[in-house]
Amino acid sequence: MIGRFRKTLGLIWPHFLRRDDEYLNPYFRFTDYRKIWGLGIFALVVAALLPLVAATSIHYRLIQKSVDSEIILRTERVASNARRAVTFFLEEHLNALRFTVSEIGYDQLTDPDHLAEILRNLKLGFGGLTDLSVIAHTGAQVAYAGPFNLEDRDYSNQRWFIECQKHHFYVSEIFRGYRDVPHIIIAVKSLWPNGSFFILRATLDTDRLIQTLSSYETGAHAEIFLINQSGIVQTSSKHHGEIFEKMSLPIPAYSLRTQVALAEDDQDGQKESLIVGYAYISTQIADTPFILMVIKHKAGMIKVWRRLRSNFNWFVLLDIIAILIVMPGACTFIVNILYLSDQQKAKTLALAEQNNQLASIGHLAAGVAHEINNPLALINETAGYVKDLFVFKKQFHQDEELIGYIDDILDAVERCGTITRQLLGFARKFEVKIQKVSLKEIISDVLVFHNKEAAYRNIQVHVEVPEDMPAIETDRGKLQQILMNLVNNAFQAVDNGCILDIKAAPAGADKVRIAIGDNGCGMPEETLPKIFEPFFTTKEGSKGTGLGLAITYGLVKKLGGEITVISKVDEGTTFTITLPTRILKEISENEGSTG
Amino acid sequence: MKQYHLLIVDDEKRFADMLAKRLSLRGCHCDVCYNGQQALDLIRQKDFFLILLDLHLPDIYGTEVLKRIKAISAQTPVVILTGHGTAEDRRACMQQGAYAFWHKPLGIEQLMVILARVREESA
């Protein structure tokens, strides 16, 4: 579980931030992975966020616009319908008076009973009338029908009388009048042939008008009311002034048509957006003082949309957070893959180059070794012969100094020979030739060369190979060299009378293990990691070339195996080689045969 | 002590002579040839206990000489002693029945060990 978590984390962990492989830089395709990473994240995040933010803001604008125009359209429709209703209400009553005046003569109208009869009929037909009165051209009221006793009043100085006299028709504002009840006066003038006139006047109830208006009110956020042209509220409004008070909003500019405008209302220090629809009410036969106001509170109207937008904002925010997590993660993952595969490639390249260099050195070394071997052989035989002469012919055999010199020459030749053989072995380590090899046989072959030394130094060599140990398929020469090197090493490491153990055993189904252990001087722990490095030697003076174990290591690797070492100072050293019983893949011999 | 008859085939005259002398001191009788043809002629005439053969001979290459020696006298052990042997040479020689393959310089003691082994095996 934890392992899997670590593995997953490893995929998106930016391994390239803390690099310890700068030495491989020449082999890397890219070097600045931080920059690639940063740019990648930036590009991905911008590419993902920009369209999202742009689309969201464009979307908001469009919705805002369409919501605004929808509200305006609806307001306009309501205002226009309400205007028609108010106009119709007033026109209807004016026309009723007009009809009455032209149909019924002055005499009948001035008859109080008859007038009361007409009032009753009009009430039945149209409703909303409170009283009727006839006023003579002098301004004196000549007849009255209605609930109040207002006879013999003189209206000659009143505004409505003067206006009606001028324009033939009159519609008053809503006012309280003598009775302290809101009402409207409408009046129609009738001319005599002699140029004189009389006026029929009616008082209208405002209840029906208010009812008509309120029937157009839709929802809690809209209100419809009337004002007069000086801005005095005529039918009560909830938010913009009581009846007969000044309206809190400015008076809209005159227009023949129904208009809608956006306005701001400052209520209790809080600004509120309003949609104001209005229409100047004018009947066909007379102008009226009324302006119809339709006020809608924008905040209330777009509440639903606001809630939707807030939800949408949350969604966008989550989306942005997801992008900010996923994009850097994805980018890290990709750059990681790039980096790791590049690193792998760089390592392979570096190793290949190192191998190439080693192979070149091998070629050179092999050439040198060859050329040196022949003169070396001559020196060997000549010096050997001189020694033979001394010893066999007993001429100088007692001259230890002379014999010593010759032995020095022979030793030196021996060492040179060892070095050239190792150099040739180093050059040859790149080829693999596979054949069946019996471990028992090969071990005893190797030991042949040491029998004499073992006997001489009283070193016991124990070989333990199971009888049924199967033959393995490997490169005989290389395995021989490996064993030879290790046995040589062991012989050099032990004192006289020590023990050498050589054990071979199967290790699993397809591997064998060969352990070569001694109870010699051992090695300190700190040198163990270095012993397979070329030219590393612990042997005193000039006894070792430092190539033996490096070559051995290379050979074991070439055979597809592993070599490990366990050592303790003064207790001994054990080298363990694990080899596959079959080398499945033949290593290509691109190095050529240089041996 | 029985005289062992050896043949040394090597184009390095001084080396061959010197080795012959040293082996003589150790109780071996040695013939020396400096080229392949000479050696083959000699082998047709005499039986040798062991033949030491170089590869780089002026007339015939060592592996070919070995092949012909084996054709003449298959049971005679041939030890290859060369300064220039490649892995290919080694493989070819071992396939054609060389007794051993050694690089120069070879200590006289090691040579004596080989002789002793041959002696044991032939006894």
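The structure presented is a predicted model; accordingly, all values stated were derived computationally and were not measured.

All names here are of chain B. The N-to-C vectors of helix H2 (residues 36-45) and helix H3 (residues 62-72) enclose an angle of 10°; their axes lie 10 Å apart at closest approach. Looking at the two axes, H2 sits roughly parallel to H3. Contact residues: Gly36, Gln37, Leu40, Ile43 and Arg44 in H2; Val65, Arg68, Ile69 and Ile72 in H3. Per-class residue counts for the contact of H2 with H3 are five nonpolar, two polar and two charged.

Before going further, it helps to spend a moment on a negative patch on the surface. Judged by side-chain charge, Asp408, Asp411 and Glu414 of chain A together with Glu109 of chain B come together as a negatively charged surface patch. Counting residues per element, the negative patch draws most heavily on helix H9 (residues 400-428) of chain A, which supplies three residues. Structurally, Asp411 of chain A can be placed in helix H9.

Glancing now at the interface of chain A and chain B. Contacts between chain A and chain B engage 27 residues on the former and 25 residues on the latter. Taken together, the two surfaces of chain A and chain B that pack against each other cover about 2500 Å², and 60% of this comes from carbon and sulfur. When the buried surface of chain A facing chain B is broken down by residue, Asn374, Glu381 and Tyr385 of chain A rank first, second and third, together holding 24% of it. Counting every contact that joins chain A to chain B gives three salt bridges. Arg22 of chain B serves as the salt-bridge partner of Glu381 of chain A, at 3.1 Å between the closest nitrogen and oxygen. Linking chain A to chain B there are seven residue pairs in polar contact (both at pLDDT 80 or more). Listed by contribution, the elements that provide at least two residues to the side of chain A that touches chain B are helix H8 (303-392) and H9 of chain A. Of all the elements, H8 of chain A adds the most residues to the side of chain A that touches chain B, at 15 residues. In the side of chain A that touches chain B, the residues fall into 10 nonpolar, nine polar and eight charged.

On inspection of all chains with the given rule, the structure shows 21 salt bridges over all chains. A salt bridge links Arg208 of chain A to Glu92 of chain A; the shortest N-O distance between them is 3.9 Å. Separated by 116 residues along the polypeptide, Arg208 of chain A in helix H6 (residues 207-214) and Glu92 of chain A in helix H2 (residues 33-103) bring together distant segments of the chain. On the accessibility criterion, Arg208 of chain A (32% relative accessible area) is partly exposed. Lys387 of chain A is the partner of Asp407 of chain A in a salt bridge, and the nearest nitrogen-oxygen pair spans 2.8 Å. On the criterion of sequence distance, the pair formed by Asp407 of chain A in helix H9 and Lys387 of chain A in helix H8 is long-range, its members being 20 residues apart. Residue Asp407 of chain A is classed as partly exposed on the basis of its relative accessible area, which comes to 26%. Through salt bridges with shared partners, one network takes in Glu381 and Asp388 of chain A together with Arg22 and Arg26 of chain B.

Nonpolar side chains tend toward joint burial in soluble globular proteins. Residue and element names in this part refer to chain A. By size, the foremost hydrophobic cluster in this structure holds 41 residues, and its most contacted members are Leu439, Leu479, Leu483, Ile514, Phe575 and Leu579. Counting only elements with at least two residues in this core, the list comes to helix H10 (439-448), helix H12 (476-493), strand S13 (499-506), strand S14 (511-518), helix H13 (548-558), strand S15 (562-568) and strand S16 (572-580). Among residues more than four places away in sequence, those in contact with Leu483 are Ile442, Ile443, Val446, Ile514, Ile516 and Ile577. Membership of the second largest hydrophobic core comes to 40 residues, among which are Val78, Ala143, Ile184 and Phe198.

In this section: the environment of Lys67 of chain B. Residues and elements named next belong to chain B. Here Lys67 lies in helix H3. The exposure class assigned to Lys67 is partly exposed, which follows from its relative accessible area of 47%. Separated by 31 residues in sequence, Lys67 and Ala98 have C-alpha atoms that sit 9.3 Å apart.

Here we come to the sheet that holds strand S1 (residues 129-136) of chain A. All names here are of chain A. Strand order in the open sheet formed by five strands is S2-S1-S5-S4-S3, with antiparallel pairing between adjacent strands. Single-partner strands in this sheet number two, and they are strand S2 (141-145) and strand S3 (169-175). Neighbour to neighbour, the strand axes of the sheet diverge by 15° on average, direction disregarded. Note: S1 against strand S5 (residues 197-205), seven bridges, orientation antiparallel. Counterpart to Ile135 in the pairing with S5 is Ile199. Relative to strand S4 (residues 183-191), H2 is tilted by about 35°, and along the sheet it contacts S1, S3, S4 and S5.

Conventions and cut-offs
Residues numbered from 1 in each chain as written. Chains lettered and ligands numbered in written order. Predicted model: local features only at pLDDT ≥ 70, side-chain atom pairs only at ≥ 80, totals over all residues. Heavy atoms only, no water. Axes fitted to C-alpha atoms, helices over the stretch in contact; angles between N-to-C directions. Helix = DSSP H or I, 4+ residues; strand = E, 2+ residues; numbered from the N terminus. Parallel < 35°, antiparallel > 145°, perpendicular 65-115°, else oblique. Contact = heavy atoms within 4.5 Å. Nonpolar A, V, L, I, M, F, W, Y, C, P; charged D, E, K, R; others polar. Patch = residues over 30% accessible without salt bridge, like charges linked within 9 Å, V, L, I, M, F, W, Y side chains within 5 Å. Areas by Shrake-Rupley, 256 points an atom, 1.4 Å probe, with all protein chains shown as cover. Salt bridge = Lys/Arg side-chain N within 4 Å of Asp/Glu carboxyl O. Lys, Arg positive; Asp, Glu negative; His and termini not counted. Charge placed at Lys NZ, Arg CZ, Asp CG, Glu CD. Buried area = accessible area lost by both parts, 1.4 Å probe. Polar contact = N/O pair within 3.5 Å; in protein donor to acceptor, adjacent residues only side chain to side chain. Buried < 20%, exposed > 50% of the residue type's maximum accessible area, 1.4 Å probe, protein only. Core = buried A, V, L, I, M, F, W, Y, C linked by side-chain atoms within 4.5 Å. Pairing = 2+ DSSP bridges.

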